[in-house]
Amino acid sequence: MTDITAGGVSAPLRRVEFDTPAAKARLRGRYRSEARFKSYGIIALCIAATFLIALLASIFSRGIPGFFQHYLVTEVLVDAAKIDPQGKGDAATLRAGDYTAVARAALAEAVPGVEGRQMKKELNSLLSSGAGDALREQVIANPSLVGQRIKVPLLLADEADLFLKDSGTKLLVLSETRGIATPSAKTGEITILVGANDFADDIAVVKAELKALAASIDETVALRKERGATPESLDSLVKEAVELRRRYDAAATSETLDSKTASRLVAINGGIVKIKEMSPTSVKGEVILPLKSTDDAAPGTWGIRVYETPESNRNLNDLGVTFLEELKAKGLVESQFNFAFFTRGDSREAELAGIQGALVGSILTLLVTIGLCLPIGVLAAIYLEEFAPKNWITELIEININNLAAVPSIVFGLLGLAVFLNFFGMPRSAPLVGGLVLALLVLPTIIIASRAALKSVPPSIREAALGVGASKQQAVFHHVLPLAMPGIMTGTIIGMAHALGETAPLLMIGMVAFIVDVPSTLSQSATVLPVQIFLWSDLPEPAFKMKTAAAIMVLLAVLFVMNGLAIWLRKKFERRW
Amino acid sequence: MNKATLLAVSIVSGLALTTAAEARDQIRVVGSSTVYPFTTAVAEQFGKSSGGKTPVVESTGTGGGMKIFCEGVGVDKADATNASRRIKKSEFELCDKNGVKDIIELMVGYDGLTLAHSKEGAKIALTRKQVFQALAEKVPNDKGELVDNPYKNWSDIDPSLPNIKIEVLGPPPTSGTRDSFHELFMEKGAEGFDTLKDMKKKDEEAKTKDFEKVWKSMRKDGAYVEAGENDNVIVQKLAGNKNAFGIFGFSFLEENADKLVGVSIEGAEPTFENISAGKYKGARPLFVYFKKAHIGVIPGLDKFIAEYTSEKALGAEGYLTEKGLVALPKDAFEKSAKAANDGMTLKADELK
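The sections below set out a description of the structure shown in this document.

Rules behind the numbers
- Each chain has its residues counted from 1, running along the sequence as written.
- Starting at A for chains and at 1 for ligands, labels are handed out in the order in which the entities are written.
- The model is predicted, so local features are restricted to residues of pLDDT at least 70 and side-chain atom pairs to those at 80 or more, both for listing and for counting; the totals for chains, interfaces and linings are taken over all residues.
- Helix and strand assignments come from DSSP, with helices taken as H or I runs of at least 4 residues and strands as E runs of at least 2, each series counted from the N terminus.
- Counts of 20 or more other C-beta atoms within 10 Å of a residue's own C-beta define buried residues, counts of 12 or fewer define exposed ones, and intermediate counts define partly exposed ones; C-beta atoms are placed from the backbone.
- Working definition of a contact: two residues with C-beta atoms, positioned from the backbone, lying within 7 Å.
- With axes taken as lines fitted to C-alpha atoms, and helix axes fitted only over the stretch in contact, angles between N-to-C directions fall between 0 and 180 degrees.
- Here is the rule for angles: anything less than 35 degrees is roughly parallel, anything more than 145 is roughly antiparallel, 65 through 115 is roughly perpendicular, and the remaining ranges are oblique.
- By convention the crossing between two helices is left-handed if the near helix lies anticlockwise of the far one by an angle smaller than a right angle, and right-handed if it lies clockwise.
- Classification convention: Asp, Glu, Lys, Arg as charged; Ala, Val, Leu, Ile, Met, Phe, Trp, Tyr, Cys, Pro as nonpolar; all other residues, Gly among them, as polar.
- Only strands joined by at least two bridges in the DSSP assignment are considered to pair.

## Points about the overall build of chain B
Point 1. The number of helices and strands found in chain B is 16 helices and 13 strands.
Point 2. Across its three principal axes, chain B shows a C-alpha extent of roughly 70 × 50 × 50 Å.
Point 3. Here chain B holds 352 residues, and the buried ones make up 47% of them.
Point 4. Sequence-distant contacts, at least 24 apart, represent 72% of the contacts inside chain B between residues at least 6 apart.

Written out as structure tokens, the structure reads:
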């Protein structure tokens, strides 16, 4: 095009001076302006890229751990007494068996000697309430497992999993050699005696911690005094600081440890004792893991462990940390890819929650949407573009379609509630209704995209077809439509991607819901991916944050696949004229 | 094209099939997003132990849930609704009008509304009157006249409070938590002023709403920041700003106890024990309402009520307490559970 006009136009004769200083300055100015514009473009691109990278990095760094899960991999005795006491062996009995008890027994075996109700409760709380679920399926599939010992992964609870993932506290093992230590008993509250001033240094460390605590309280008090706080209101703080100081100043005879300072434990004779009180020559404490004997422990065979984060600043208490460390030391804790995340529905336990329900719900919903949108949208576009007379009615329709594309999505939800649920009496929360509502939402987009695609087919194609005697319908369906198809497909897939990300209209028709069972038909209750993300992000348990990010990654992956498909279709069927 | 038409036809026929009324074997619950985490936990347990379908629990908000609940009786209507406040008389009447005559009320426990801040910040104790002074748009001055809120720092309200800027992050007006905050903190705080008390009396006589306007208006000069419906966002923001305070449910405080501390209100800290015993003033009761007419029609509804009211769910050691619900004291729990299981229904004169 350009060279034709350049050659064809005869410009009026006019001398143009290119080498005057003014012209050179103008030229330089134009180059500068162009360079500036380019650099603006690059800067804008860089800023956008930075945001995108920051966003993706934050989602991926949080989401990737969500795809992994810690398991206790240990030998489990599939106890017939707990699962099938009468030896019936039918599926119903096997299903009703107490698999939690089986899993707990295996845990108790892995951490032997835990006594007392509170301690057992703490130990059992490390296991997920669904720890036996996988085992149940295995046993039902293979009833001969009853009575056998098999090695299976048992799911750990979300708190334990989270602790292992971001290692909630730093574990220090103090290794300097101390003298001989003598424990007074194997379980319960015991005293451990040592010869020399073995704990003097440790007490000094605890005292230093107390001093630091007191100093931080002092700071608060001073700050608030300075700002006019009444002495009464500071009383309790001052008292606390005085008490801490008194403990710091007192002779290093004995020191109590509480949840505000780092936790200290003694590992001795195969057991672990949580220190409650320490003096230079002895410690008093509670046995967490029982000792094998009360024999003297030789120097070097026993030591002190420190959990640096104070207990009150952790989600898992000393008992839990000790049990987990014990399991880890035995090599029984394993991080595995969480396949269950893709095969389960929603759950209120973070470690059991899966995305399959939402994924299937999204697919069913989109099937309805595309099944309605594609034929209706394309036919409407063909009629409006190729057949409709150009008068004020079609003009009005055109304007309305363009306006509909800009209507907020919640309005379509309200429409769906009024028409599909209340008037037609369709079931709430069903993918069918969701699909219908989303179809209304993306229909304008598809009509507009399809019309643009039809318009871009050169008129010569139509004219040629008509010229050889084809009817208008034949010209459109045999020649124009196939050529417009790539554009129509691209528009449709982008419309579908839009529908995939919608939550607002679904709120009205009851798809913002907790649904455990994975749907299999269009009228069953279901939810969709973005709604699942929204619901998980709102739950208090920290482990759900990870699940939220992981679900976002799944949604992004689906979107990438859909957009990739759009590009592939366009490239494959694209024609150039 | 043919395939697409076929698909469309099949969908339309599928649509026609589903519109025919069908028996329902799945319990449907709607309502409050505050009760949602608890009802879902019960629903999941119920689904596991019964072997049937797990109930569907929608999160629609208390008001929205009541509307759906009161639509009528029948297999296409919801069976129960969660509520973060008691059913209103107007809602009860709406239900009654639509044929929902027998409603079973179950009080499940309490949700403590907490003001909390980062562990790194200075610990403070407040009264509800001080909270009102900090956050209301108009507060009474020394002479008792209503003026635009002059307080910039906490120490301006009371010298014993720290001299830091008032900055409170909380939910937007659309949230049920915000409604409770107004009722539990702002209204009660406003009643601490004699002039406002007089105003309340006048309102009752003259049927005006001046007093309500005072405690329902939050300041808009930046001291109160609407941080969105999502409590986790507020928690995250608090961890980054040690001088800011946040308003959210007790379960969020409990789950984030490693980072946050609750502000004690009128001398009582927001702890499980204090809320359960009624000592902490910022707590609200949570309810679930069931349709009596649906028991026996929707399979498993009576067992679902039994699961909800069981000791292992609602008791002081139950699994709901692990999810952050503050259980009722023992005798109140037993009374509430018995009433629900016996199918005792609500009477209009119990409500206001």
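Next, the rest of the story.
## Focus on the packing of helix α13 (residues 356-387) of chain A against helix α18 (residues 472-500) of chain A
Residues and elements named next belong to chain A.
Point 1. Packing of α13 against α18 brings their axes to within 10 Å, and their N-to-C directions diverge by 140°. By the angle between their directions, the pair α13 and α18 is classed as oblique. The handedness of the crossing between α13 and α18 comes out as right-handed. Counted together, Ser362, Leu366, Thr369, Ile370, Cys373, Leu374, Val378, Ile382 and Glu386 of α13 and Val476, Leu481, Ile488, Thr492, Gly495, Met496, Ala499 and Leu500 of α18 form the full contact between these two elements.
Point 2. Partitioned by chemical class, the residues of the contact of α13 with α18 number 12 nonpolar, 4 polar and 1 charged.

## Overview of the environment of Glu137 of chain A
Point 1. Tracing the chain through its elements places Glu137 of chain A in helix α7 (residues 133-141).
Point 2. Measuring from C-alpha to C-alpha, the distance between Glu137 of chain A and Leu94 of chain A comes to 9.3 Å, with 43 residues separating the pair along the chain.

## Focus on the pairing of strand β8 (residues 271-279) of chain A
Residue and element names in this part refer to chain A.
Point 1. The sheet contact formed by strand β6 (residues 255-256) and β8 spans 2 bridges and is antiparallel. Pairing of Thr256 across the sheet is with Glu277, part of β8.
Point 2. Two elements, strand β7 (residues 263-268) and β8, share 4 bridges in a ladder whose sense is antiparallel. Paired with Leu265 across the strands is Lys274, a residue of β8.
Point 3. In sequence, β7 turns back onto β8 through a hairpin of 2 residues, with Asn269 there showing a positive phi of about 45°.
Point 4. Here β8 runs beside strand β9 (residues 282-289); their pairing, made up of 7 bridges, is antiparallel. Its bridge partner lying in β9, Ser279 is registered against Ser282.
Point 5. If you look at the hairpin formed by β8 and β9, you'll find 2 residues sitting between the two strands.

All quantities given are derived from atomic positions and should not be read as evidence of function.
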